[in-house]
Amino acid sequence: MARISPSILSADFANLERDIHDIEKNGADWVHVDVMDGLFVPNISIGIPVVQAIRPVTRLPLDVHLMIDRPIRYVEAFIKAGADWLTIHIEADQPANNLACLEKIRQLGCKAAISLKPGTPAEAAIPYLSLCDMVLVMTVEPGFGGQKFMADMMPKVSALRRMLDAVNPGCLIEVDGGVDAATCALCRESGAEVLVAGSAYFKAADRAAFVKCVQGKTP
Ligand code: DX5
Ligand code: ZN
């Protein structure tokens, strides 16, 4: 069984509270929050005040995906705002800063994760694996919802699962981008345990059924 983390990037921002209540009511596990700075990715989305505003709205863990340059500058603010899981991109800073950033996230009592863009090989994650609670494999280029799922990222998921089983077996693998009713099974079979879904969740005619499908509770 997998967890689903619906991405509020595809929510109605004028009705965010309603849409987050809906995520919880439909049986989803986490809420995925996409933070973009217009520098690391060519788009700007939501930031610290929005995380703070939605924290009291749900009991579900907030899974905050930082697509920002040099994230170490802001992790403390996001944790204070209410992030439960904080994901940084290893392409967004130097290795020494990334290591310090993961340590800082954990010291502040938050779960720490790294993310890899499609062009970043699994091996690039090796220096960080023992400091991670989760590794996020992007299955689209970060920046926008509604893109096509990159099935060629599945060998990377499997390779990371094998690497983690040797050094940090409790570490989760998350996939993000293009996950829908058709692609979710492949993600789970490849070793992903947390599946982000933005547009497919919000477009689903029956969101509760979609949640069960992504979790692998229905065929
Ligand atoms: C893309 C974001 C994703 C996005 C996924 O940069 O990280 O979380 O919301 O959207 P879908 O599921 O529509 O591909
Ligand atoms: Zn994301």
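Higher on the page you've got the structure.
Since this is a predicted model, take the numbers as computed values, not measurements. (Residues numbered from 1 in each chain as written. Chains lettered and ligands numbered in written order. Predicted model: local features only at pLDDT ≥ 70, side-chain atom pairs only at ≥ 80, totals over all residues. Heavy atoms only, no water.)

Colleague: So what exactly am I meant to see when it comes to the overall build of the protein here?
Modeller: Counting its regular elements, the protein contains eight helices and eight strands. Since a compact globule built from 219 residues should have a radius of gyration of about 17 Å, the 16 Å found for the protein is in line with a globular shape. With the C-alpha coordinates of the protein rotated into their principal frame, the extents come out at 45 × 35 × 30 Å. Taking the intrachain contacts of the protein between residues at least 6 apart in sequence as the baseline, contacts between residues at least 24 apart amount to 66%. (Helix = DSSP H or I, 4+ residues; strand = E, 2+ residues; numbered from the N terminus. Rg over C-alpha atoms; globule rule 2.2 N^0.38 Å. Contact = heavy atoms within 4.5 Å.)

Colleague: Would you explain the site of ligand 1 in this entry?
Modeller: Taken together, 20 residues sit near ligand 1, with Asp-34, Gly-143, Asp-176, Gly-198 and Ser-199 positioned nearest. One of the side-chain N or O atoms of Asp-34 is found 2.7 Å from an oxygen atom in ligand 1. In this structure, Gly-143 approaches ligand 1 through a main-chain N or O atom, which is 2.7 Å from an oxygen atom. Protein burial of ligand 1: of its 380 Å² of free accessible surface, 100% is covered by the chains. Counting only elements with at least two residues in the shell around ligand 1, the list comes to strand 2 (31-36), strand 3 (62-67) and strand 8 (194-197). (Near = heavy atom within 4 Å. Polar contact = N/O pair within 3.5 Å; in protein donor to acceptor, adjacent residues only side chain to side chain. Areas by Shrake-Rupley, 256 points an atom, 1.4 Å probe, with all protein chains shown as cover.)

Colleague: Could you clarify how one ought to interpret the coordination of the zinc ion (ligand 2) in this entry?
Modeller: Ideal geometry at a metal centre gives angles of 109.5 degrees when four donors are arranged tetrahedrally and 90 or 180 degrees when six donors are arranged octahedrally. Surrounding the zinc ion (ligand 2) are the protein donor atoms His-32 (NE2), Asp-34 (OD), His-65 (ND1) and Asp-176 (OD), which sit 2.0 to 2.3 Å from the metal. Taken together, the six donor atoms coordinating the zinc ion (ligand 2) span angles of 70 to 168° at the metal, a pattern that classifies the geometry as octahedral. Taking the relative accessible area as the measure of exposure, His-32 reaches 0% and is therefore buried. (Donors = N, O, S within 2.8 Å, 3.2 Å for Na, K, Ca; no water. Tetrahedral: all angles 85-135°; square planar, octahedral: opposite > 155°, others 65-115°. Buried < 20%, exposed > 50% of the residue type's maximum accessible area, 1.4 Å probe, protein only.)

Colleague: How should I be thinking about the side chain of Lys-156 in this particular structure?
Modeller: Mapped onto the fold, Lys-156 is located in helix 5 (residues 154-167). Buried charged residue Lys-156 carries no salt bridge. Nearest counter-charge: Glu-91, at 6.7 Å. A distance of 3.0 Å separates the side chain of Lys-156 from the backbone oxygen of Lys-117, its partner in a polar contact. Discounting residues that sit within four places of it in the chain, Lys-156 has contacts with Leu-116, Lys-117, Pro-118, Thr-120, Pro-121, Ala-122 and Val-137. (Lys, Arg positive; Asp, Glu negative; His and termini not counted. Salt bridge = Lys/Arg side-chain N within 4 Å of Asp/Glu carboxyl O.)

Colleague: Honestly, the sheet that holds strand 2 in this entry has me stumped. Any pointers?
Modeller: The strands that make up a sheet are held in pairs by hydrogen bonds between backbone atoms, and each pair lies either parallel or antiparallel. Strand order in the open sheet made by the eight strands is 1-8-7-6-5-4-3-2, with parallel pairing throughout. Of all strands in the sheet, those with a lone pairing partner are strand 1 (3-6) and strand 2, marking the two edges. Across this sheet, the average inter-strand angle for adjacent strands is 25°, counted without regard to direction. Bridge analysis of strand 1 against strand 8 gives four bridges, and the strand direction is parallel. When the bridges of strand 8 are listed, Ser-5 appears paired with Val-196. (Pairing = 2+ DSSP bridges. Axes fitted to C-alpha atoms, helices over the stretch in contact; angles between N-to-C directions.)

Colleague: Looking at this structure, I do not really get the pattern of salt bridges. What am I missing?
Modeller: Opposite charge on two side chains permits pairing when their charged atoms draw close. Applying the stated criterion across every chain, the model contains 11 salt bridges. Among the ionic pairs, Asp-12 bridges to Arg-18, the shortest N-O distance being 3.7 Å. Residue Asp-12 is classed as partly exposed on the basis of its relative accessible area, which comes to 31%. Several salt bridges converge on common partners, so that one network encompasses Asp-12, Arg-18 and Asp-19.

Colleague: Sorry, what's going on with the environment of Arg-161 here?
Modeller: Inspection of the secondary structure assignment puts Arg-161 in helix 5. Judged by its relative accessible area of 11%, Arg-161 falls in the buried class. Each C-alpha atom of the pair Arg-161 and Gly-145 lies 25 Å from the other, and the pair is 16 residues apart in sequence.

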